[in-house]
Amino acid sequence: MKAVEYTEYGSPDVLRVVDVDRPEPGPDEVLVAVRAVSVNGSDWEGLTGRPAYARLGGLRRPRRRVLGSDVAGTVVAVGADVTTFAPGDDVYADLLDRLGCFAEHVCAPARSFAPLPDGMSFVEASAVPQAGVIALRGVVDRGRVRPGQRVLVNGAGGGAGTYAVQLAVLAGAAVTAVDTAHKADHLRSLGAVRVLDHRVDDWTRTGPYDLVLDLACYRSVGAIARGVAPGGTYLVVGGAVRSLLQVLVLGPLVGLAGRKRLRVLAVPLGVRHVGPLVDLLQAGAVRTVVDRTFPLEQTAEALRRHGSGRSVGKVVVTVDPT
Ligand SMILES: NC(=O)c1ccc[n+]([C@@H]2O[C@H](COP(=O)([O-])OP(=O)(O)OC[C@H]3O[C@@H](n4cnc5c(N)ncnc54)[C@H](OP(=O)(O)O)[C@@H]3O)[C@@H](O)[C@H]2O)c1
């Protein structure tokens, strides 16, 4: 089968389409013919080896040769102990713990997969898992957004951000979306009442906000605290290691004075956590923003598009069933 490999950190140029053996499912595994894989911020980080936490699995070289975690496809074989799926079933999953989805087939434990939601295409289902959990956790479970609150989403134009903006708007918040300027119209169309350009505007001086969900944190904890209202919450999921460590270590202390909750948001793995978002997508209350799709052979172009700063929402790699 074809897979897209890399053996060193770098630009999309280090990716190669190669022929490898098709994996065989173990007793508790299913073999899935991949139909769509969405590109996540975590794939870009794994490719480039930046920020530093992207090298946790391999300091000098990537430990896993094939990236890609958010996948949708069709079961083609199941292990002896698998009772939950059968060949022909359409499924989706977040395989961030093993990767390997930029390929024609992927093998993983059956428990990682869920049935493809009714009425959802492979492309849309592949866009949901990681981005959806981040947005749900940040806005609903931990952010607990209420009507009338002021919410800021930093990094709003990416996979998680486009869902987070919509979830906060749906909860009745006035949403400020921060990203690069050319995404402004799109972010307004998702319901943001104000859009900031991170290259020009300093969001920490435009608040304060009751909730800040930060998907691209490059600020000091002191600056962050300035942007959060008394009694408000700041949750960070990605960005520079230095900033994340500051929030982790100093956040609780710095926030104490102003009754502000400054925290790193831990995001659980797995599509079983995205149920409420899937319901909203199926009801048409929230939509998935797909920027472009690329065939598997052009995975390097897909990553390039994601990393170029030109994409809005999700870039998706597709595999032709033939
Ligand atoms: N905590 C956890 O457990 C966990 C789990 C999974 C993922 N994550 C992290 O979550 C983060 C977001 O994921 P994602 O898939 O939504 O990423 P994404 O699709 O790459 O979106 C990130 C967005 O942030 C924008 N951006 C870049 N630099 C910025 C800055 N300085 N200020 C404001 N916006 C900026 C990007 O714009 P451009 O396109 O113009 O660069 C992009 O639109 C990633 O860092 C990922 O590692 C965390």
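As the structure is a computational prediction, the values presented were derived from the model and not from experiment.

Further remarks concern the pattern of salt bridges. The final tally for this structure, using the stated rule, is 14 salt bridges. Measuring nitrogen to oxygen at the nearest pair gives 3.5 Å for the salt bridge that ties Arg98 to Glu29. Placement of Arg98 in the loop between strand S5 (90-94) and strand S6 (105-109) and of Glu29 in strand S3 (residues 29-38) is noted, with a sequence separation of 69 residues between them. Look at the salt bridges and you will find they share partners, linking Asp202, Arg205, Arg219 and Arg226 into a network.

Before going further, it helps to spend a moment on the environment of Ala135. On the secondary structure map, Ala135 appears in helix H3 (residues 129-141). With 29 residues separating them in the primary sequence, Ala135 and Ala164 have C-alpha atoms 4.5 Å apart. Setting aside its immediate chain neighbours within four residues, Ala135 contacts Val140, Ala160, Tyr163, Ala164 and Leu167.

In this section: the UniProt feature "domain: Enoyl reductase (ER)" (unreviewed entry) in the chain. According to UniProt, the "domain: Enoyl reductase (ER)" (unreviewed entry) feature falls on residues 10-317. Within the segment residues 10-317, helix and strand shares are 28% and 26% respectively, and the terminal C-alpha atoms sit 19 Å apart.

Turning to the packing of aromatic side chains, a few remarks are in order. Inspection of the entire model under this criterion finds two aromatic pairs. With a centroid separation of 6.5 Å and an interplanar angle of 70°, the aromatic rings of Tyr6 and Tyr9 are classed as edge-to-face. Tyr6 sits in the buried class, given a relative accessible area of 4%. Taking relative accessible area as the criterion, Tyr9 reaches 13% and is therefore assigned buried.

Attention now moves to the domain arrangement of the chain. Parsing the chain into structural domains produces domain 1 (2-128 + 288-318) and domain 2 (130-264). Relative to domain 2, the C-alpha centre of domain 1 lies at a distance of 27 Å. Contacts between the two partners involve 19 residues from domain 1, matched on the other side by 18 residues from domain 2. Carbon and sulfur atoms make up 53% of the area that domain 1 and domain 2 hide from each other, which totals about 1,300 Å². When the area that domain 1 buries against domain 2 is broken down by residue, the three leading residues are Tyr53, Val289 and Val312, summing to 34%.

One way to put it is that helix H4 (residues 159-170) packs onto helix H8 (residues 275-283) with a least axis distance of 12 Å and a crossing angle of 80°. With respect to each other, H4 and H8 are oriented roughly perpendicular. Listed contacts from H8 to Tyr163, Leu167 and Leu170 of H4 are Leu277, Leu280 and Leu281. Tallied by class, residues from the contact of H4 with H8 come to six nonpolar, no polar and no charged.

The next point concerns the pairing of S5. Buried residues dominate S5, accounting for four of its five residues. When strand S4 (residues 70-78) meets S5, the two strands line up antiparallel, connected through five bridges. When the bridges of S5 are listed, Val71 appears paired with Ala93. Where S5 meets strand S7 (residues 113-115), three bridges bridge the pair, whose relative direction is antiparallel.

Near the ligand there are 25 residues, and of these Glu45, Gly159, Ala160, Asp179 and Lys183 occur at the shortest range. Here Gly159 contributes a backbone N or O atom positioned 3.0 Å from an oxygen atom of the ligand. Between Val237 and the ligand, the recorded distance is 3.4 Å, taken from a backbone N or O atom to a nitrogen atom. Summarising the interface, the protein chains cover 81% of the accessible area of the ligand, which totals 950 Å² for the free molecule. Put simply, the parts of the chain that give the shell around the ligand at least two residues each are helix H1 (41-48), H3 and H4. Across the shell around the ligand, the residue classes tally to nine nonpolar, 13 polar and three charged. Counting contributing residues, the shell around the ligand receives three or more from each of domain 1 (2-128 + 288-318) and domain 2 (130-264).

It is worth spelling out the sheet that holds strand S10 (residues 194-197) at this point. Pairing between the strands of a sheet is mediated by backbone hydrogen bonds and can be parallel or antiparallel. Judged by pairing direction, the sheet is parallel, and its six strands sit side by side in the order S10-S9-S8-S11-S12-S13 without closing on themselves. Among the strands making up the open sheet, the edge pair consists of S10 and strand S13 (261-264). On average, adjacent strands in this sheet sit at an angle of 15° to one another, irrespective of strand direction. Sheet topology note: the strand S9 (residues 174-179)/S10 ladder contains four bridges and is parallel. Bridge pairing in S10 links Val178 to Leu196. Contacting strand S12 (228-236) and S13, helix H7 (residues 241-256) crosses the sheet at an angle of about 155° to S13.

Parameters at a glance
- Residues numbered from 1 in each chain as written.
- Predicted model: local features only at pLDDT ≥ 70, side-chain atom pairs only at ≥ 80, totals over all residues.
- Heavy atoms only, no water.
- Salt bridge = Lys/Arg side-chain N within 4 Å of Asp/Glu carboxyl O.
- Helix = DSSP H or I, 4+ residues; strand = E, 2+ residues; numbered from the N terminus.
- Contact = heavy atoms within 4.5 Å.
- UniProt positions renumbered as here; feature names shortened; annotations may be inferred.
- Phe/Tyr/Trp six-rings, centres within 6.5 Å; stacked < 30°, edge-to-face > 60°.
- Buried < 20%, exposed > 50% of the residue type's maximum accessible area, 1.4 Å probe, protein only.
- Domains from an automatic or database assignment.
- Buried area = accessible area lost by both parts, 1.4 Å probe.
- Axes fitted to C-alpha atoms, helices over the stretch in contact; angles between N-to-C directions.
- Parallel < 35°, antiparallel > 145°, perpendicular 65-115°, else oblique.
- Nonpolar A, V, L, I, M, F, W, Y, C, P; charged D, E, K, R; others polar.
- Pairing = 2+ DSSP bridges.
- Near = heavy atom within 4 Å.
- Polar contact = N/O pair within 3.5 Å; in protein donor to acceptor, adjacent residues only side chain to side chain.
- Areas by Shrake-Rupley, 256 points an atom, 1.4 Å probe, with all protein chains shown as cover.

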